[in-house]
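Notes for the structure review
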Amino acid sequence: QVQLVESGGGLVQPGGSLRLSCAASEITFSIYAMGWYRQAPGKQRELVATITRGGSSTNYADSVKGRFTISRDNAKRTVYLQMNSLKPEDTAVYYCNAKYITRDSWGQGTQVTVSS
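To start, this report covers the structure provided alongside it. What you see is a predicted model, and the numbers here were worked out from it, not measured in a lab.

A word on the environment of Thr78
- Looking at the secondary structure, you find Thr78 in strand S8 (residues 78-83).
- What makes Thr78 buried here is its relative accessible area of 9%.
- Setting aside residues up to four positions removed in sequence, Thr78 forms contacts with Ser21, Cys22, Ala23, Phe29, Arg72 and Asp73.
- Among the polar contacts listed, one links the side chain of Thr78 to the backbone oxygen of Lys76, at a separation of 2.9 Å.

Okay, structure coming up:
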């Protein structure tokens, strides 16, 4: 299982920005499709964004389209989530995910709180 470590969460005012990072332990990082998910209190974990192995294709939840951007740097074994125009409803624990065939790994999560 690949080890994933998220960072970059915190407290931000509505309209602000944050960039989350997820660093992977495995040298073969580029074989994994990567994604960001989030879970708000009392709610199910939901997909935020995904990116293919080479980074050529991305997918976003409707609620974040036009505000969030997922990207990856395979040389640094890192995936990013740039979050702009943050809203209070974006408050959640954000999780990084790596998928390859039957392998499915998760990070420990990083808290994002959007509040004035």
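Don't stop here, the text continues.
Thoughts on the pattern of salt bridges
- One pass over the structure, following the stated rule, counts 6 salt bridges.
- We note a salt bridge from Arg38 to Asp90, for which the minimum N-O separation is 2.9 Å. Within this pair, whereas Arg38 is found in strand S4 (residues 33-39), its partner Asp90 is found in the loop between S8 and strand S9 (92-100), the two being separated by 52 residues in sequence. Exposure class is identical for Arg38 and Asp90. Each is buried.
- With a closest N to O distance of 3.8 Å, Lys99 and Asp104 form a salt bridge.
- Judged by its relative accessible area of 34%, Lys99 falls in the partly exposed class.

Overview of the pairing of strand S5 (residues 46-51)
- As defined by bridge partners, S4 adjoins S5 across 5 bridges and the pair is classed as antiparallel. Bridging from a neighbouring strand, Trp36 pairs with Ala49 of S5.
- Here S4 folds back onto S5, and the loop between the two strands holds 6 residues, one of which, Gly42, carries a positive phi near 75°.
- Pairing of S5 with strand S6 (residues 58-60) involves 3 bridges; the strand directions are antiparallel.

What counts and how
Residues numbered from 1 in each chain as written. Predicted model: local features only at pLDDT ≥ 70, side-chain atom pairs only at ≥ 80, totals over all residues. Heavy atoms only, no water. Helix = DSSP H or I, 4+ residues; strand = E, 2+ residues; numbered from the N terminus. Buried < 20%, exposed > 50% of the residue type's maximum accessible area, 1.4 Å probe, protein only. Contact = heavy atoms within 4.5 Å. Polar contact = N/O pair within 3.5 Å; in protein donor to acceptor, adjacent residues only side chain to side chain. Salt bridge = Lys/Arg side-chain N within 4 Å of Asp/Glu carboxyl O. Pairing = 2+ DSSP bridges.

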